[in-house]
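Below, each chain spelled out in residue letters.
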Amino acid sequence: MTRDLTGYGGAWPEHRWPNGARLAVSVVVNFEEGAEQQVGDGDPQSERMGEVMSVVTPGTRDMGQEQIFAYGMRAGLWRMLDALDRHSLPATFLMCGRAVQRAPALAGEVARRGHECAAHGWLWRPHSDYATREAEAADLDRNIAVIREACGEAPRGFFCRGSESAWTRGLLAERGFAYASNAFDDDVPYVDPAHPGLLILPYALDTNDMKFFHPNGFVRAAEMVEYVEDALSVLLAEADSGKPRLLNIGYHLRIAGRPARFPAFDRVLDRLAELGDRIWVARRCDIAASWKGASGAGG
């Protein structure tokens with residue numbers, strides 16, 4: 001892929017979201033626990049980054065890290081699903097294949113409550129790690145199959161940890177995906193010229209609870225709430241001036257699902273609900289459909 005540093009060049013397309021707002025908000029919840037690399041699952045190494053950095057000798061089963069991840073499915077998922085119900089807000093759940101395979105009833109419950117079930121790779125790993133197109137395709141197909149089986153329909157969107165490979169977007173286009181989200185380079189969707197049928201729906205890592213696991217990130221729940229408030233303030237002002245905008249807010253079951261960090265999820269949902277029709281909170285598949293359906297908005 002060639003690097004495009006110009007994008008829309010400041011000439012933003014005219015677009016209003018279905019409720020008339022110019023700012024869309026995508027709430028994303030990562031469903032990946034059980035798909036992180038673990039020696040106990042036969043992987044060559046165990047994931048190092050958790051509640052603390054793992055001190056277990058590489059190559060040795062890390063049962064503590066396994067349990068830290070398991071908390072997300074056993075406890076965090078229900079706390080976060082109930083909060084979404086309470087606020088009547090939709091979310092997109094990025095689902096790793098092995099996580100769905102291990103807990104299909106939990107994935108099915110996400111779909112039953114009306115949330116989008118998108119693909120997040122077979123394992124919680126960068127797709128740039130794949131040595132061949134064929135190996136990546138095989139894991140992508142497994143990811144699609146388990147989501148279709150557990151959730152009742154195939155995923156329409158994709159995002160993997162870290163970076164795509166050089167083949168990822170081609171594989172997604174061949175399989176009829178509506179959008180890809182491994183992009184951090186804009187505030188609105190755009191089309192990849194190499195794959196014109198595939199909308200690029202940018203994501204963000206700053207308004208993301210993974211920063212609770214980073215030493216230069218959030219410590220208290222209020223810090224993330226205030227950070228998201230600042231993002232909303234800036235983007236609402238730009239939306240009021242006529243520019244279409246998209247805000248992505250990302251969460252993880254094992255991170256924001258913990259009691260002390262849960263207010264970073266619940267209070268943000270409170271604020272989104274308060275804003276009413278000034279914003280459009282929607283699943284990523286619906287955001288992609290709206291953008292694609294607007295004349296001249298492909299980019």
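Please refer to the structure higher up on the page.
In this text, all values refer to a predicted model and were calculated from it rather than measured experimentally.

### Topic: the overall build of the protein chain
- The secondary structure content of the protein chain amounts to eight helices and nine strands.
- Relative to a compact globule of 299 residues, whose C-alpha radius of gyration would be 19 Å, the protein chain shows 19 Å and is just as compact.
- Counting only C-alpha atoms and orienting by the principal axes, one finds that the protein chain spans roughly 55 × 45 × 35 Å.
- By sequence separation, contacts in the protein chain at least 24 residues apart represent 70% of the contacts at least 6 residues apart.

### Observations concerning the pairing of strand β1 (residues 23–31)
- The element β1 is largely enclosed, with a buried count of nine among its nine residues.
- Neither face of β1 is open: one carries L23, V25, V27, V29 and F31, the other A24, S26, V28 and N30, and all of them are buried.
- Where β1 and strand β8 (residues 245–252) come together, eight bridges link them in parallel fashion. Counterpart to V27 in the pairing with β8 is I249.
- Pairing of β1 with strand β9 (residues 279–281), which is carried by three bridges, proceeds in the parallel orientation. Bridging from a neighbouring strand, L23 pairs with I279 of β9.

### With respect to the packing of helix α1 (residues 63–87) against helix α3 (residues 104–112)
- As a packed pair, α1 and α3 sit with axes 12 Å apart at the nearest point and diverge in direction by 5°. Here α1 is positioned roughly parallel relative to α3, judged by the angle of their axes. On the side of α1, the interface is formed by M73, L77, W78 and L81, while α3 contributes L106, E109 and V110.
- Of the residues contributing to the contact of α1 with α3, the split by class is six nonpolar, no polar and one charged.

### Overview of the side chain of R22
- With respect to the secondary-structure elements, R22 resides in the segment before β1.
- Taking the relative accessible area as the measure of exposure, R22 reaches 12% and is therefore buried.
- Polar side-chain contacts of R22 include one of 3.4 Å to the backbone oxygen of G242.
- Not counting the four nearest positions on each side in its chain, R22 is found in contact with E14, H15, R16, W17, A239, G242, K243, P244 and R245.

### Observations concerning the layout of surface pockets
- The computed volume of the largest pocket comes to approximately 740 Å³.
- Along the wall of the largest pocket there are 27 residues; nearest its centre are T2, D4, R169, D185 and Y190.
- Size it by volume and the second largest pocket reaches roughly 290 Å³.
- Counted by class, the lining of the second largest pocket contains eight nonpolar, six polar and three charged residues.

### Considering α3
- Within α3 the residues assigned to the buried category are L106, A107, G108, E109 and V110.
- The elements touched by buried residues of α3 are β1, α1, β2 (92–95), α2 (97–102), β3 (116–119) and α4 (133–151).
- Phi turns positive, to about 95°, at G114, one or two residues after α3.

### Re the state of the cysteines
- All chains considered together, the criterion is met by zero disulfides.
- Of all cysteine sulfurs, the one in C117 lies closest to C151, which takes part in no disulfide; the gap is 3.3 Å.

### Points about the environment of M63
- Relative to the helices and strands, M63 resides in helix α1.
- On the basis of relative accessibility, which here comes to 48%, the residue M63 falls in the partly exposed class.
- Between the C-alpha atom of M63 and that of T2, which follows or precedes it by 61 residues, the distance is 42 Å.

### Examining the nonpolar core
- With 95 residues, the main nonpolar core has F31, F93, M95, F265 and L272 as its most contacted residues.
- The element contributing the most residues to this core is helix α6 (residues 221–240), with nine residues.
- When residues no more than four places from it in sequence are discounted, the contact partners of L272 are V25, V27, L89, L232, I249, I279 and V281.

Conventions we followed
- Residues numbered from 1 in each chain as written.
- Predicted model: local features only at pLDDT ≥ 70, side-chain atom pairs only at ≥ 80, totals over all residues.
- Heavy atoms only, no water.
- Helix = DSSP H or I, 4+ residues; strand = E, 2+ residues; numbered from the N terminus.
- Rg over C-alpha atoms; globule rule 2.2 N^0.38 Å.
- Contact = heavy atoms within 4.5 Å.
- Buried < 20%, exposed > 50% of the residue type's maximum accessible area, 1.4 Å probe, protein only.
- Pairing = 2+ DSSP bridges.
- Axes fitted to C-alpha atoms, helices over the stretch in contact; angles between N-to-C directions.
- Parallel < 35°, antiparallel > 145°, perpendicular 65-115°, else oblique.
- Nonpolar A, V, L, I, M, F, W, Y, C, P; charged D, E, K, R; others polar.
- Polar contact = N/O pair within 3.5 Å; in protein donor to acceptor, adjacent residues only side chain to side chain.
- 1 Å grid on protein atoms, 1.4 Å probe; cavity = no way out; pocket = protein on both sides within 12 Å on 5 of 7 lines; lining within 4 Å.
- Points joined across faces, edges and corners; volume = space filled by probe spheres on them.
- Disulfide = S-S within 2.5 Å.
- Core = buried A, V, L, I, M, F, W, Y, C linked by side-chain atoms within 4.5 Å.

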